[in-house]
Amino acid sequence: MTATIPPPSPDIPEKPRSTAGLGRTAGRGASTTLVGQLIRIGVQLGGIVVLARLLTPSDYGLVASVAAIIGVGEVLRNFGLSSAAIQVRDLSRHQKDNLFWINSLIGLALMLLAVLCSPLIATLYGDDRLVLLTQVLAGSFLLNGLATQFRAHLNRNFHFVALAGSEIGAQVGSLVIGIAMALNGFGYWALAGQQISQGLLTIIILIPVTHWFPGWYHRKAPMRHLIMFGSNLAGTQLLGYASRNTDTIVIGATLGAGPLGLYNRAFQLLLLPLNQINGPSTRVALPVLARLQDDPPRYDRFILLGQTIMLHAVTIVLAFSCAQALPIISIALGNTWLGSAPIFQILAIAGFFEAAAYATYWVFLSKGATKQNLYFALTTRPLLVAFVLLGSLWGVYGVAAGYSLGVALIWPMGLWWISRVTNAPARAMFLAGVRAILGYGFAAAVSWAAVQWIPIDLPFARVALGGVALLAAIGVVTLIWPRFRRDLRSITQARSFLRSAKSSRSSKSGTTNPAMGTDQLAPSRAPARARTVGRIRLRLIRRLDRVVHGFAAASALPYLRDRAALKRATDQLTPCDVRSERWHVLVAPPGEGNIGDQAMVEAFLENVPGPVQVLVRRAGDLHIPSQHAGRAQLVPIPHLIYGTGRVHLEAMVALASVLDGALSLTVVGADIMDGAYSVRASSRRADVASLARSVGVDARILGFSWNGHANVGVRRSLARAGRLGTRLQLRDPISSARARADRFHNVVDVADAVFAARTSSGVAATEYLGPTPTPYAVVNASALVGRRFDQTLEYVRIVTALLQAGLRVVLLPHVVRTSGDDAAACRAVYERLSEGEGTDSRVVLVNRLLSPAEVRGLCAGAEVVLSGRMHLAVQAMFHRVPAVALSTQGKVAGMMRLFDMPELCVEPGVGLAERMVPVALAVLADRESYRHRLAARLPEIQRLAALNFSVLPSAARSRPPAQRQSPTSHRQGPA
């Protein structure tokens, strides 16, 4: 029996889509809209170029004269009802029908009114030709009124492809008609024909693609709230339209059609990027923001991201067009229109602030604050009219300047207004706008200055050189201004943000482990394309980081500035009591879900007695085990390693206070000292050790790797630290040889600090495998390694081989954070293994972040450990368990040389399973021999690991405070 789903009742409101998939929908909508707008820009620009050569400025002036007045009717015709249909959360079929008829009747009434008023319009301008022209153009009221709710229907339901296609089709068809009429000598009637035909074609296309046709008017459908929303919005738009078109009316009435034609072309060139970016961005942003009203954090992120994308997209176009207005107009419109160039340059200022103000408009609409928007317009739009009227005393250039100044003043006023009536992030929006105008303003000035030596009769040369100069200037601004660079970086991350669905961490699948009911590490897997874009973006960011910060570190200027700031802060401190208890300082690694970083911190605490202050970026990055909580504490200094500018210098004050009572300072080195992840962070860590030496504090860098081809800035920073007396403790013989080849001073051979750990816990082994587990292997899929190739299938083959060898397999994430999510990598393997015949009970996925002691306890009972993370291999070998590890940055090869087991180091990449499985099976076949070899080498390696903590000063050897004021002998080395 087949069930039939009944159609929805017309009285039941249509619910908008839930916000669960809103990010993906917005991402698709933004992409579709962007492509559609690029096509529309091309069509519109082509039409401007062609028609400008077929028509005269007077032709454009005539049509602009009529459009400026009857365009008021366009605002009234819409009556804000399209936005009301989009913004409202619930909209019934009957309400949509009623909105259609209201818009259509308003359009019909306005058409008749415009026909009746056509003689008055002709009298105002003193041109009888405007009577018939006004009557013809009045037909657009009815056509657009009919189309309003069809557009709103597509927009509300996120049918951006159909909406963009209908607009492009109508635009192309109307342009063809306009060009054909111009070629046949119709003059200004070609522009009128283009406008009317576009409205007609839009209706013809929208009706079949919408799959909706209105019924009759329904009196009982509730309409009051929609009418109130629309009326407030219409009042606002009417005021805005009147203020924006005062300039056109003033010029047409006082100077005539010719000057108005020049002004109109300049204004249309300004509106080309504005209309093609602002309007469609509103089309995407408004329905999304309306759904996010009850989620303030996501709302704020979306509004800031949307404003940033829009500002940079508009401003870079305006900056280039303003700087190269003369050659662009010469190329596009011909020399007849060169008088528009200076007008356009003045209006470009208004263009930026118009774009910036659109985000304010989004806030008013999405928050439903249309009445406040009306009050704001009543307050500010008369100001714009006054500036235009005042500027008209100086002719057409004065009108343009007055308009630009008025718009520039209204933007900050709007931000202040929304900060009073909503909870939108107005201050952040203002600062983002200031950064954009300063950055691109500088680039525009450079572009303009670069072409002044080229004659104006070589427009293509001026445009080419001006474009290169603009891009070069933007590159310079990006390099030297971190906040501007952060804005650009947020644009590159826009797609990832839009596509991410903010979901809870609770597992919603049925593939959870039997050991636990809730998966604490349920990561969301980005689409393959998003991962590829993310990898490319990350490589570009790292390359930029290496160049900029490497150059800065090589100059020694950051270190000298920090040393001066530290000295000032130290001199202002009250001298310490020499009898007070001193502490050791540990500069912690990033942490943030990295078991290896946590293991190094715990190893330090287990081997260093007395009070310890652990410097971290955020309090949640690491944690102090309960057994050390009485003597150790986390000290957040957020901007010590990663900060810039003023906040980083303020971190020197906090560092001075910490060093004031310090016995020693230890920097956790590991694999973060050679700049492979971040040049600035690596050089800063070395500089912190040097700063400690400058105030007489013993300093060392806990066992770390050195890749031998580090950035020159990082090399100089680390070399300086060694010269000033910092112990550079290299954790493997390969790294030591490289460091000595780079002529580092004070190099000490050690092993990784985690080999000196003293704790182990079997809690996790019991939790996931039971009290008496059968033989098992521990496998880690590293997200860091997985960036280079698709490793999921490789690990499926590896796990399958281990299962066939009679072992259970524990999939263990070792790093769970945004920059490297092993949980996602391990889950991908687990889910791939679960396909087909279902979940194999012999495969266990660890679904929480273990402590280092739990990891060691879990590895202790394993037959073999296969790892993409070095510290997991370290913690396996800690218990004499052989570990097959992937070679990354040369660090694993050095550790395996300590054990004289180079065969356990496997190269990652395509074909990983073919390389790793034979090694793992060989270990399993001769496991006792491997255990004996590990047992023979481990005491020596543990002795080397203990050297990380040797000759640390004790509380009995506290230094006198006088040493804090004067440099030690170590400070005499060159910077």
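Keep in mind it's a predicted model, so treat the numbers as computed, not measured.

1. Focus: the overall build of the chain
Then comes step 1: A count of helical and extended segments in the chain gives 35 helices and 15 strands.
Then comes step 2: If you take every contact in the chain between residues at least 6 apart in sequence, the share linking residues at least 24 apart comes to 78%.
Then comes step 3: Summed over all atoms, the accessible surface of the chain reaches about 39700 Å², with 62% contributed by carbon and sulfur.

2. Here's the deal with a nonpolar patch on the surface
Then comes step 1: Residues F442, V476, L479 and I480 make up a contiguous nonpolar surface patch of roughly 370 Å² in combined accessible area.
Then comes step 2: For F442, a relative accessible area of 42% corresponds to the partly exposed category.

3. A few points about the sheet that holds strand β3 (residues 632–636)
Then comes step 1: Taken together, the seven strands give an open sheet; going across it, the order is β3-β2-β1-β4-β5-β6-β7, and neighbouring strands pair in parallel fashion. The open sheet terminates on both sides in strands that have one partner only, identified here as β3 and β7 (747–749). With strand direction ignored, the average angle separating the axes of adjacent strands in the sheet is 25 degrees.
Then comes step 2: With three bridges joining them, strand β5 (residues 698–704) and strand β6 (residues 727–730) adopt parallel strand pairing. The partner of F704 across the bridge, within β6, is L730.
Then comes step 3: Across the sheet, helix α24 (residues 679–694) lies against β1 (583–587), β4 (662–670) and β5, angled at about 165 degrees from β4, the strand it touches most.

4. Quick notes on the packing of aromatic side chains
Then comes step 1: Under the counting rule described, the total for this entry stands at nine aromatic pairs.
Then comes step 2: Consider the rings of W706 and F744, whose centres lie 5.2 Å apart with planes at 65 degrees: the pair is edge-to-face. Here F744 lies in the loop between α26 (733–741) and β7 and W706 lies in the loop between β5 and α25 (712–723), a separation of 38 residues in the sequence.
Then comes step 3: We classify W706 as buried; its relative accessible area is 0%.
Then comes step 4: Accessibility expressed as a relative area gives 9% for F744, which makes it buried.
Then comes step 5: Ring plane angle 55 degrees and centroid distance 5.7 Å describe the contact between F755 and F899, whose orientation is recorded as tilted. Within this pair, whereas F755 is found in the loop between β7 and α27 (763–769), its partner F899 is found in the loop between α32 (891–898) and β15 (905–906), the two being separated by 144 residues in sequence.

5. Describing the packing of helix α16 (residues 426–450) against helix α17 (residues 459–480)
Then comes step 1: Where α16 meets α17, the axes come as close as 8 Å, and the angle between the chain directions of the two elements is 145 degrees. Here α16 runs over α17; the crossing is right-handed. Judged by residue contacts, G439, Y440, F442, A443, A444, V446, S447 and A450 of α16 engage L465, G466, G467, A469, L470, A473, I474 and V477 from α17.
Then comes step 2: Looking at the contact of α16 with α17, its residues break down into twelve nonpolar, four polar and no charged.

6. What about the nonpolar core?
Then comes step 1: Ranked by size, the top nonpolar core spans 99 residues in total, and within it F755 and L811 carry the most contacts.
Then comes step 2: Top element by residues in this core is helix α33 (residues 912–925). It accounts for eight residues.
Then comes step 3: If sequence neighbours within four positions are ignored, L811 has contacts with V779, V799, C826, V829, Y830, V843, V844, L845 and V846.
Then comes step 4: In terms of nonpolar packing, the next biggest core, distinct from the first, is built from 48 residues, A319, L347, A408 and W417 among them.

7. Quick notes on the packing of helix α15 (residues 395–421) against α16
Geometrically, a packed helix pair is captured by the angle between its two axes and the distance between the axes.
Then comes step 1: Direction vectors running N to C along α15 and α16 enclose 160 degrees, while the axes themselves pass 9 Å from each other. As summarised for this structure, α15 and α16 are arranged roughly antiparallel, according to the angle between their axes. Here α15 runs over α16; the crossing is right-handed. Across the interface between the two elements, W411, P412, L415, I418 and S419 from α15 touch A426, M429, F430, G433 and V434 from α16.
Then comes step 2: Of the residues in the contact of α15 with α16, the class split is eight nonpolar, two polar and no charged.

8. Considering the environment of I637
Then comes step 1: Looking at where I637 falls in the secondary structure, it is placed in the loop between β3 and α23 (645–660).
Then comes step 2: Taking the C-alpha atoms as reference points, I637 and A619, separated by 18 residues in sequence, lie 9.2 Å from one another.
Then comes step 3: Once residues lying within four places of it in the same chain are set aside, the contact partners of I637 are L615, V616, R617, A651, A654, L655 and V658.

How each quantity is defined
Residues numbered from 1 in each chain as written. Predicted model: local features only at pLDDT ≥ 70, side-chain atom pairs only at ≥ 80, totals over all residues. Heavy atoms only, no water. Helix = DSSP H or I, 4+ residues; strand = E, 2+ residues; numbered from the N terminus. Contact = heavy atoms within 4.5 Å. Areas by Shrake-Rupley, 256 points an atom, 1.4 Å probe, with all protein chains shown as cover. Patch = residues over 30% accessible without salt bridge, like charges linked within 9 Å, V, L, I, M, F, W, Y side chains within 5 Å. Salt bridge = Lys/Arg side-chain N within 4 Å of Asp/Glu carboxyl O. Buried < 20%, exposed > 50% of the residue type's maximum accessible area, 1.4 Å probe, protein only. Pairing = 2+ DSSP bridges. Axes fitted to C-alpha atoms, helices over the stretch in contact; angles between N-to-C directions. Phe/Tyr/Trp six-rings, centres within 6.5 Å; stacked < 30°, edge-to-face > 60°. Left-handed = near helix turned anticlockwise from the far one by under 90°. Nonpolar A, V, L, I, M, F, W, Y, C, P; charged D, E, K, R; others polar. Core = buried A, V, L, I, M, F, W, Y, C linked by side-chain atoms within 4.5 Å. Parallel < 35°, antiparallel > 145°, perpendicular 65-115°, else oblique.

The values reported here are purely geometric and, on their own, carry no functional implication.
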